[in-house]
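# Remarks on the overall topology
For reference, the chains in residue letters:
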Amino acid sequence: MQSVSKFSLKKIAQLSVLTMVSALAACGGGGGGGGSQDSNSQSNSGSRSVAVTGTVSKGVIRNGVVSVYAIEAGTSGRLLASTATNQNGQFTATISGYEGPVYIEVTAATGSTPTLMLCDAAAGCGSFAADSQYDANDNQVIDFGESFQVSNDFLLTTALPAASLGIATSVSTLTHLAAQFAAQMPQGFNDVSIAVAMSQVQNLFGLEGSLIGLKAIDLTNPTAVSNATSSELRYALLSSSIMGLTNDVAFSSTLQALTSAFVGNNGQLTQRSDDALVPSFLDLVQQALATAQQLNLVTFTSEFQQLVATLQDAELNSLTDSEASPGAGGATAEKVAAFVQDLQLWQGYLSLDPNQSSFAQVVSSMGASTGADLTHMLQALAIAGQYGPIVALPDLALTAACDSLANYLARLSCRLLIAGKSLQEICEGTLNLVLFGRSLCDILNDLTLPLGAGVYGHFALYDGVVRIYGSIENADVDVTFTRSSRSSNRYGFTVTGTVDTDTGSLLIDSGSVSLVFNGGLDIRNLKLPESASGSIQVHYAQQGTDENPAGMQFDGSVTLDLDLRNVRSAETQGSYAGLDQIQLALTANGEFSSDLGESFAGSLTINGGIDSNVVVRFETDLPDYSDRAVITLTATPAQLADGLADSIRMTWGGKQYDILNFTGDNTGIRITNQDGLIMDLDLTVEDGQTAGYLLLNGVRFGTVSPLNGSLLFTLADGSETVL
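Residues numbered from 1 in each chain as written. Predicted model: local features only at pLDDT ≥ 70, side-chain atom pairs only at ≥ 80, totals over all residues. Heavy atoms only, no water.

## Quick word on the overall build of the protein chain
- Helix and strand content of the protein chain: 17 helices and 34 strands.
- The buried share of the protein chain, reckoned over its 723 residues, is 52%.
- Taking the intrachain contacts of the protein chain between residues at least 6 apart in sequence as the baseline, contacts between residues at least 24 apart amount to 59%.
- If you sum the accessible surface of the protein chain, you get close to 29,500 Å²; carbon and sulfur atoms cover 46% of it. (Helix = DSSP H or I, 4+ residues; strand = E, 2+ residues; numbered from the N terminus. Buried < 20%, exposed > 50% of the residue type's maximum accessible area, 1.4 Å probe, protein only. Contact = heavy atoms within 4.5 Å. Areas by Shrake-Rupley, 256 points an atom, 1.4 Å probe, with all protein chains shown as cover.)

Structure representation (structure tokens):
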């Protein structure tokens, strides 16, 4: 089929869903008139008044009733003003106290003065009743240029974006198509839908300039025709063409049939049709051609003849494929389109179902119980720290050390030897104290003591080293603390060693911890520190289980801060109460990897108690490798074990998407981004039902529905995509 400039005519069935979505991203331009306001809600503006002016033409409508309505919640709301058109079809209506888009209806007058239409179709507009006062040549035919009374159901409409108030506009059959198309978009009327619909109609009919501001001239007025621009003539010819297919009585029903088909076909017309009741694009162009020939408009006669030939070759009942122009919806449409495009970008990584994993490879690399297991190990490490003060306060420990010796004579002799002496004097002085042939300093530097419940300590008082080993709260501990600092009630140690549980092992390569003992220490009655904090370099390995066969590893640093004030020794020796009340802040920074070969560099953070949320933060390439993104996942330990997240934050290139999941009886999701767009979804609804909306400042710019396990997005211009 020959391609025609200004009219791209292919079957709409050939359009892919992705092409339809991109239409919104690129919509606008020629449609013009679209404002950048994000809300269509009414706002008080004091005494500010705006004059809504224009012309009603199908041809010229005289004494038509013009009603201007506020647009509220996507539909026509309260009446703002009403007026009537003059002999030239012109009107002016003043509105005040309102800023926003408006909907305009033109209807027939009900008083003694009828509403008249000037026939501007070459084929005529029907028949007069006998002895009609409007039949100038008494032939009972409504000829070109004659006026006739419209029927009671006459209706022409238009809609204006907020930014177009005050701009002279036209109300015509083409603006009627656009207004009704906008009304059926998911969000109904708003600045974006109006601008997109106007652009769709404008591009379908090959009009240049803004349809909102384009003047529909009186084709029956030779002066108006000679002074008109090419765009104005084209507009008038195509707008008048429907009248040549009907008559004065059936005009409203014919326009309604055309409008229903246009809206039902998502803003397209049938190119060539076998339906005699619904005008096709070919029918309209043929009528415009006839009027152009009658007015001797040579350029349009030639152009319409070519277009008629092309349409006659089109497949029967095939549709046009007009699209709104780039930018028609303004900044708001761009934001909405970008929102869906961003979700498309992350397909395969981001799940819009709370019961399905997002960034599954990362969760797999973290392991099923990393947070809980690592927390358990660090708690055991902190509990072991209660024995550190023995080497942190060596002089106070001397008596306790003597009391730990094997027999009474040894204990008595030791007490006599240390009486009045410090550890430094014993080990560094010239006393050379000997107990049963062994240096007392060596004895004090090599003490192995049972600490109860299978836990032992090997103390080197002079070297400031204690090795704690045994079982603490179901964790096998073998950790060495080395004295490093003391300040008031705060004691510092370097630390190395291992902590093992049934599900994992922690190797502490190096690090330091600080223990705080409020109220001082009693060396004979050791107690838990009130808090512990530090930073350690570790290798952590989590074993695979029957439920989660893939093991994982972590190499990096762990910073921790534990509040142990509510933990105390239990009545059962070697056990503790209040472990569930430990407040913990933990961040593991490094490399996570799984036995499946997946890995990522990032961090895992826990703030709160043992059951508090786990936060995972990592950096990754965008799926199209165009940038790097920082991803933050928040999950409960139970969710993490199932590979799920409670919330997700994604940031890249100045963008930020926050995703909050809801599970249970009200399974759903909320997504917000940096532009203030919100998408709330109820995922319990059935296929085809509305699960939620795309909202900006409370205004709907799209709907979302389940579709065979996916989500169908229908955007402001009616375009669709599936995720």
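And the narrative resumes.
## What about the state of the cysteines?
- In this structure the tally under the stated criterion is 1 disulfide.
- One disulfide bridge connects Cys119 with Cys125, the sulfur atoms lying 2.1 Å from each other. On the S-S bond that ties Cys119 to Cys125, the torsion sits near 90°, and the link is right-handed. Taken as a pair, Cys119 and Cys125 share a single burial class, namely buried. (Disulfide = S-S within 2.5 Å.)

## Considerations on the nonpolar core
- One finds Ile95, Phe205, Trp346, Phe359, Phe481, Met650 and Phe713 to be the most contacted residues of the largest nonpolar core, which totals 194 residues.
- Residues within four places of Met650 in sequence aside, it is in contact with Trp346, Leu350, Phe359, Val630, Ile631, Lys655, Gln656, Tyr657 and Ile659. (Core = buried A, V, L, I, M, F, W, Y, C linked by side-chain atoms within 4.5 Å.)

## Let's talk about the packing of helix α5 (residues 230-240) against helix α8 (residues 298-312)
- For the pair α5 and α8, the least separation of the axes is 11 Å and the interaxial angle reads 55°. As judged from the angle between their axes, α5 and α8 are oblique. When you trace α5 past α8, the crossing you get is right-handed. Between α5 and α8, the residues in contact are Ser230, Leu233, Arg234, Leu237 and Leu238 and Phe300, Glu303 and Phe304, respectively.
- Classifying every residue of the contact of α5 with α8 by side-chain character gives 5 nonpolar, 1 polar and 2 charged. (Axes fitted to C-alpha atoms, helices over the stretch in contact; angles between N-to-C directions. Parallel < 35°, antiparallel > 145°, perpendicular 65-115°, else oblique. Left-handed = near helix turned anticlockwise from the far one by under 90°. Nonpolar A, V, L, I, M, F, W, Y, C, P; charged D, E, K, R; others polar.)

## Some remarks on the pattern of salt bridges
- For the structure shown, the criterion picks out 10 salt bridges.
- Asp680 is the salt-bridge partner of Arg670, the closest N and O atoms lying 2.6 Å from each other. With a gap of 10 residues between them, Arg670 in strand β29 (residues 668-673) and Asp680 in strand β30 (residues 677-682) connect regions that are remote in the sequence. (Salt bridge = Lys/Arg side-chain N within 4 Å of Asp/Glu carboxyl O.)

## Regarding the pairing of strand β28 (residues 655-662)
- Bridge count for strand β27 (residues 647-652) against β28 is 6 bridges, and the pairing is antiparallel. Along β28, the bridge assignment pairs Ile648 with Ile659.
- Counting the residues in the hairpin turn of β27 and β28 gives 2 residues, including Gly653, whose phi is positive at 50°.
- The pairing of β28 with β29 spans 6 bridges and is antiparallel. Residue pairing in the sheet places Ile659 in a bridge with Ile671 of β29. (Pairing = 2+ DSSP bridges.)

## Looking at the packing of helix α2 (residues 173-183) against helix α3 (residues 191-204)
- Relative orientation of the contacting elements α2 and α3 amounts to 135°, with a least axis distance of 8 Å. Classified by the angle between their axes, α2 and α3 sit oblique to one another. The handedness of the crossing between α2 and α3 comes out as right-handed. Taking contact as the criterion, the partners of Leu174, Thr175, Leu177, Ala178, Phe181 and Ala182 in α2 are, on α3, Ser193, Ile194, Ala197, Met198, Gln200 and Val201.

## Considering helix α6 (residues 251-264)
- Look at α6: 20 Å from first C-alpha to last across 14 residues, which is about the 20 Å you get at 1.5 Å a residue.
- For α6, the set of buried residues is Phe251, Ser252, Thr254, Leu255, Leu258, Thr259, Phe262 and Val263. Buried residues in α6, looked at end-on, bunch into an arc of 160°, giving them a common side.
- Lining the buried residues of α6 we find β7 (116-118), β9 (155-160), α2, α3 and α7 (281-294).
- Phi turns positive, to about 60°, at Asn266, one or two residues after α6. (Expected span 1.5 Å × (residues − 1). Arc of directions from axis to C-beta.)

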